[in-house]
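Chain and residue survey
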Number of protein chains: 2
Amino acid sequence: MQSNKDEKTYRVRKLEITDKNKGFMELLQQLTVCGSVSDDEFQKRFEELRSYGDDHVICVIEDTSSSKIVATGSVFLEKKFIRSCGKVGHIEDVVVDSSARGMQLGKKVVSFLADHACLMGCYKVILDCSVDNKAFYEKCGFKEKEIQMVKYFI
Amino acid sequence: MQSNKDEKTYRVRKLEITDKNKGFMELLQQLTVCGSVSDDEFQKRFEELRSYGDDHVICVIEDTSSSKIVATGSVFLEKKFIRSCGKVGHIEDVVVDSSARGMQLGKKVVSFLADHACLMGCYKVILDCSVDNKAFYEKCGFKEKEIQMVKYFI
């Protein structure tokens, strides 16, 4: 007997505005505090990010059997003067739905984002993660380098 | 007898296009590889970053007695869906000229950048640094949080 999981198909693509109705914000809530985001606020932020074109990309994976977003992550390109006016990709907000783990979806998201940064001419891609997630990112081809420091305003 | 250092005055301000002639790129070379950047390339990147307005700010400190840029750092604002469509400031490329250390110029740059992020409504400001620089950033009000992972493309 086949399990339901085997019957599922996953589509890796960029975020679409209708993804708010497919559980995108609920998925982000598994990562951190999301607060309340109205449809208008979502649309405004979506349009703002879309205006950056290839400089800011959000990847999602949709479970096409349920039309739910089950994984996501974003990358934005920072433009520098160093490294001959080089660019660096910053990966942020990677999360996989708790019911969809163990199927390499996180790895697919990170590959999508890193490939995008590479294609856009970045000399490196970086991210910050907890020590617990270090092994996962090593499997994605990353190496530990520095430490992240933070200052909270609220 | 007064030392030369006491006679110097320092001006904290945003990067200007003429700073390429005031040693801005040579200063960045003390941080990492800069490669060759022509005047045209510098102008193009400068204009590109300026078009981001308050979303990307480069701070410099000019030694007005020598018209040399002796410290710099940048901050850019990342727009998110989490935290009620919140914003995060990312501080990058902080460096103080080797001849101008010990005068709190680095702290002035970091304060300038963190204050900007706060004023623009960011809920936090983050940066990555080596373990050796941890104590400096702690003096600037930062705390260690995560680890930075990197993947190089070249």
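Residues numbered from 1 in each chain as written. Chains lettered and ligands numbered in written order. Predicted model: local features only at pLDDT ≥ 70, side-chain atom pairs only at ≥ 80, totals over all residues. Heavy atoms only, no water.

So, about the sheet that holds strand S4 (residues 87–96) of chain B. Ordered by their spatial adjacency, 12 strands build an open sheet running S1(A)-S2(A)-S3(A)-S4(A)-S5(A)-S6(B)-S6(A)-S5(B)-S4(B)-S3(B)-S2(B)-S1(B), and the pairing between neighbours is mixed. A single partner strand is all that each edge strand has here, and the edge strands are strand S1 (10–14) of chain A together with strand S1 (10–14) of chain B. Taking each pair of neighbouring strands and ignoring which way they run, the sheet shows an average axis angle of 25°. In the sheet, strand S6 (residues 143–152) of chain A pairs with strand S6 (residues 143–152) of chain B via 5 bridges, with the strands oriented antiparallel. In the sheet register, Val-150 of chain A faces S6 of chain B, and the bridge partner there is Lys-143 of chain B. Across the sheet, helix H5 (residues 105–119) of chain A is in contact with S1, strand S2 (56–63), strand S3 (68–79), strand S4 (87–96) and strand S5 (124–129) of chain A; its angle to S3 of chain A comes to roughly 25°. Sheet strands in contact with helix H3 (residues 39–50) of chain B are S3 and S4 of chain A together with strand S2 (56–63) of chain B, and its direction is about 130° off that of S3 of chain A. (Pairing = 2+ DSSP bridges. Helix = DSSP H or I, 4+ residues; strand = E, 2+ residues; numbered from the N terminus. Axes fitted to C-alpha atoms, helices over the stretch in contact; angles between N-to-C directions. Contact = heavy atoms within 4.5 Å.)

Our next topic: the side chain of Arg-13 of chain A. Residues and elements named next belong to chain A. Within the secondary structure layout, Arg-13 lies in strand S1. Judged by relative accessible area, Arg-13 falls into the buried class, the value being 5%. Looking at Arg-13, its side chain comes within polar contact range of the side chain of Glu-62, at 2.8 Å. In contact with Arg-13, other than residues within four places in its own chain, are Asp-19, Lys-22, Ile-58, Cys-59, Val-60, Glu-62, Ile-69 and Phe-112. (Buried < 20%, exposed > 50% of the residue type's maximum accessible area, 1.4 Å probe, protein only. Polar contact = N/O pair within 3.5 Å; in protein donor to acceptor, adjacent residues only side chain to side chain.)

Moving on to helix H5 (residues 105–119) of chain B. The end-to-end C-alpha separation of H5 of chain B is 21 Å, in line with the 21 Å expected for 15 residues at 1.5 Å each. On its buried face, H5 of chain B is in contact with S1, S2, strand S3 (68–79), S4, strand S5 (124–129) and helix H6 (134–139) of chain B. (Expected span 1.5 Å × (residues − 1).)

Counted according to the given criterion, the structure contains 13 aromatic pairs over all chains. Aromatic pair Phe-24 of chain A and Phe-81 of chain B: ring centres 5.5 Å apart, planes at 90°, arrangement edge-to-face. With Phe-24 of chain A in helix H2 (residues 24–29) and Phe-81 of chain B in the loop between S3 and helix H4 (82–85), this pair bridges two chains. By relative accessible area, which is 1% here, Phe-24 of chain A ends up buried. Residue Phe-81 of chain B is classed as buried on the basis of its relative accessible area of 4%. Considering the side-chain rings of Tyr-137 of chain A and Phe-142 of chain A, the 6.1 Å spacing of their centres and the 75° angle between planes classify their relative orientation as edge-to-face. Here the two residues Tyr-137 of chain A and Phe-142 of chain A agree in accessibility, since each one is buried. Linked through ring pairs, Phe-24, Phe-42 and Phe-46 of chain A together with Phe-81 of chain B together constitute an aromatic cluster. (Phe/Tyr/Trp six-rings, centres within 6.5 Å; stacked < 30°, edge-to-face > 60°.)

With 65 residues of chain B at the contact, the number on the chain A side is 65 residues. At the boundary of chain B with chain A, total buried surface from both sides reaches about 6000 Å², with 61% on carbon and sulfur atoms. Counting across the interface, chain B meets chain A through 6 salt bridges. Glu-48 of chain B is the partner of Lys-79 of chain A in a salt bridge, and the nearest nitrogen-oxygen pair spans 3.0 Å. Between chain B and chain A we count 40 residue pairs in polar contact (both at pLDDT 80 or more) in total. Ranked by the residues each element gives to the side of chain B that touches chain A, the list is headed by S6 of chain B, at 10 residues. The residue inventory of the side of chain B that touches chain A, partitioned by class, reads 35 nonpolar, 10 polar and 20 charged. In this structure, S6 of chain A lies alongside S5 of chain B, joined through 6 bridges in antiparallel fashion. The residue of S5 of chain B that forms the bridge with Gln-148 of chain A is Asp-128 of chain B. (Buried area = accessible area lost by both parts, 1.4 Å probe. Salt bridge = Lys/Arg side-chain N within 4 Å of Asp/Glu carboxyl O. Nonpolar A, V, L, I, M, F, W, Y, C, P; charged D, E, K, R; others polar.)

To continue, consider the state of the cysteines. This model, assessed by the stated rule, comprises 0 disulfides over all chains. Cys-118 of chain B forms no disulfide, and the closest cysteine sulfur to it belongs to Cys-122 of chain B, at a distance of 8.3 Å. (Disulfide = S-S within 2.5 Å.)

Looking now at the relation of the copies chain B and chain A. Of the two same-sequence chains, chain B is brought onto chain A (RMSD 0.0 Å, axial shift 0.0 Å) by a rotation of 180°. Classification of the inter-copy transformation places it as that of a two-fold axis. Relative to the rotation axis, the closest C-alpha in chain B is found at Ile-147 of chain B, a distance of 2.3 Å. (Least-squares fit on C-alpha atoms with pLDDT ≥ 70 in both.)

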